[in-house]
Structure formats: C-alpha cells, structure tokens
Amino acid sequence: MSLNLERVLYTSRARGNSDSLMMQVDILATSQRNNARDDLTGALLIHDGRFLQVLEGAAQDLDRLMTRLASDPRHDEVVVIERKSIPARGFSGWAMASVRVTPALEETLRATVDGAGAPQQTVERMQDAVLAQAA
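Owing to the predicted nature of the structure, the values given are computational and were not obtained by experimental measurement.

Novice: Go over the overall build of the protein, please, and point to the residues and values.
Specialist: Secondary structure assignment for the protein yields four helices and five strands. Ordered by position in the sequence, the α and β elements of the protein form the string β-α-β-β-α-β-β-α-α. Expected size for 135 residues packed as a compact globule is a radius of gyration near 14 Å; at 14 Å, the protein falls within 12% of this value. C-alpha atoms of the protein, sized along the principal axes, occupy 35 × 30 × 30 Å. Within the protein, contacts between residues separated by at least 24 positions form 80% of all contacts whose residues are at least 6 apart in sequence. Of the roughly 7,000 Å² that the protein leaves accessible, carbon and sulfur atoms contribute 52%. Within the protein, the 18 negative side-chain charges are centred at a point lying 3 Å from the centre of the 15 positive side-chain charges.

Calculation criteria
Residues numbered from 1 in each chain as written. Predicted model: local features only at pLDDT ≥ 70, side-chain atom pairs only at ≥ 80, totals over all residues. Heavy atoms only, no water. Helix = DSSP H or I, 4+ residues; strand = E, 2+ residues; numbered from the N terminus. Rg over C-alpha atoms; globule rule 2.2 N^0.38 Å. Contact = heavy atoms within 4.5 Å. Areas by Shrake-Rupley, 256 points an atom, 1.4 Å probe, with all protein chains shown as cover. Lys, Arg positive; Asp, Glu negative; His and termini not counted. Charge placed at Lys NZ, Arg CZ, Asp CG, Glu CD.

Quick look at the structure:
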C-alpha cells in the first residue's frame, strides 16, 4: 500500500452527447487502459450530461490524471468535490468500473453535484452499485 494513497471525487460536464454508447465505451476503455497502467482504481457514472468519477491511487498519479482531464476534449467544467488521504482502496480490482444509475444513486448524485451531498455517502453508494452489478 502506498503511504500517500488518496481518493479524488470529481464531476464534469460532458462535451458532446454523453448518452452516446460510443462515447461511453470510449471513455471507459480509455480509462481502464490508462488507470491500469498508472495503478489507479475507481468508478465512473455518466448521467444527465455529467460525469461523476471516483479515483484512488498515489497522489502523483492522481495529479497527472487531473492534469490530463483538464485538457480532455470530452470534459468541461471539471470540479473536484473532494480529495483526501485514504487508508485503503475501496475499488480495488477495478481499473475503472461503470456504475449504472439507480433512483437512489441519482438522488445522491444530484445532491453531490449541487454541493449539498456528502462525498463519503456518494462514494459508498457507488461502491455498493459496483458490487451489486458484479454479483
């Protein structure tokens, strides 16, 4: 385990049609490949023209990723909701999981994006959704 393991939760607005299956497949495939290379884990949720992503890894690897996201033509308005040190990964085994939106998760997502939600609750609901989908 890295001594500087961190988690970042961010949101961004999709440039283009985020409902497009091709865009979603492209983002997931690129994320899985790059995250596996950079030893990052996490999950991505795409809903209502927005991305919500949680990522875990070494601080310097997250820094590089966030720099790339700032110039990624698929993302606009990248906003870090929370970045903090964590004792262990919550998405171990998933270079990039895709999270399906449920009604409860949609409510949490909206609150988080609007600044009224608790980041930890959002991450926990995303973890629950990934585990449920894997079962």
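Once the structure has been displayed, the description carries forward.
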